[in-house]
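Each chain, written out:
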Amino acid sequence: MNARILFAALWLSGLASYAQSADEKAVKAVIAGESAAFYQRSADKVLSYWAKVPYATHSYTEKGSGYLRGYDAISKTIKKYIREHPDLGKGGHKSHDFMIHVNGNSALATFVTDATDGTRKSQSYDARYLEKINGVWQLVSVYGTPAS
C-alpha cells in the first residue's frame, strides 16, 4: 500500500473517532439555546430547556447567586431575576473548550464561558448535567463558578 494512501486512511479514521455524535451535538444545542434565551431575557424560553423535575439544581458561586433545588424554585428565581435585571442581556458570551460525555439517557458537559456586559469581562467554569426525557435532551443541573 502506498504510504500516502496509508497516511490518509489513518488520518481519516482519526477524524472519525473525534467526530461529535448526534447526542453530543444536541446537548451542545441545548446549552447554547438556554444561554441565548437568558441573554435575550426570555424566562419562558430559558425554562423550556429545563426538565420539570424535583431533583433539578442550579448553582452559581458568584456573589449574589446561590443554590436552588427543584424545578419550581429554579423557575421562580429565573423569572424574578430576569424581571429585576432587564439590562443584563446587553452583553455577550462565548462558550468553548467543551468536554461532553453521553451515557445512555444522561450527559455531562463541562466548558468555559467568556462573558461581557459591555464594560466588564469575566470568565466562568461551567458544568451541565442533562437527561434525555421522551427523546429530548433537557437540563437537570447547572453549575458555574467564576474563573480565578
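Above this text sits the structure in question.
Here we summarise the structure given alongside this text. (Residues numbered from 1 in each chain as written. Predicted model: local features only at pLDDT ≥ 70, side-chain atom pairs only at ≥ 80, totals over all residues. Heavy atoms only, no water.)

1. Observations regarding the packing of aromatic side chains
- For the structure shown, the criterion picks out 3 aromatic pairs.
- For the ring pair phenylalanine 38 and tyrosine 39, a centre distance of 5.7 Å and an interplane angle of 90° mean the geometry is edge-to-face.
- Among the aromatic residues, those joined into a ring-pair cluster are Phe38, Tyr39 and Tyr81.
- Positioned above the aromatic ring of phenylalanine 38 is the side chain of arginine 41, whose terminal nitrogen or guanidinium carbon lies 4.6 Å from the ring centre. (Phe/Tyr/Trp six-rings, centres within 6.5 Å; stacked < 30°, edge-to-face > 60°. Lys NZ or Arg CZ within 6 Å of the ring centre and 35° of its normal.)

2. Quick notes on the side chain of serine 106
- You can see serine 106 is positioned in strand β4 (residues 106-116).
- When near neighbours in sequence (up to four residues on either side) are disregarded, serine 106 contacts His101, Tyr129, Leu130, Glu131 and Trp137. (Helix = DSSP H or I, 4+ residues; strand = E, 2+ residues; numbered from the N terminus. Contact = heavy atoms within 4.5 Å.)

3. Structural notes on the pattern of salt bridges
- As enumerated under the stated definition, the model contains 2 salt bridges in all.
- Lysine 132 is paired through a salt bridge with aspartate 23; the nearest N and O atoms lie 2.9 Å apart. One end of the pair, lysine 132, is in strand β5 (residues 121-133); the other, aspartate 23, is in helix α2 (residues 22-39), with 109 residues separating them in the sequence.
- Among the residues examined, lysine 132 registers a relative accessible area of 27% and is labelled partly exposed.
- Among the salt bridges present, the one from arginine 128 reaches aspartate 126, with a minimum N-O distance of 3.8 Å. (Salt bridge = Lys/Arg side-chain N within 4 Å of Asp/Glu carboxyl O. Buried < 20%, exposed > 50% of the residue type's maximum accessible area, 1.4 Å probe, protein only.)

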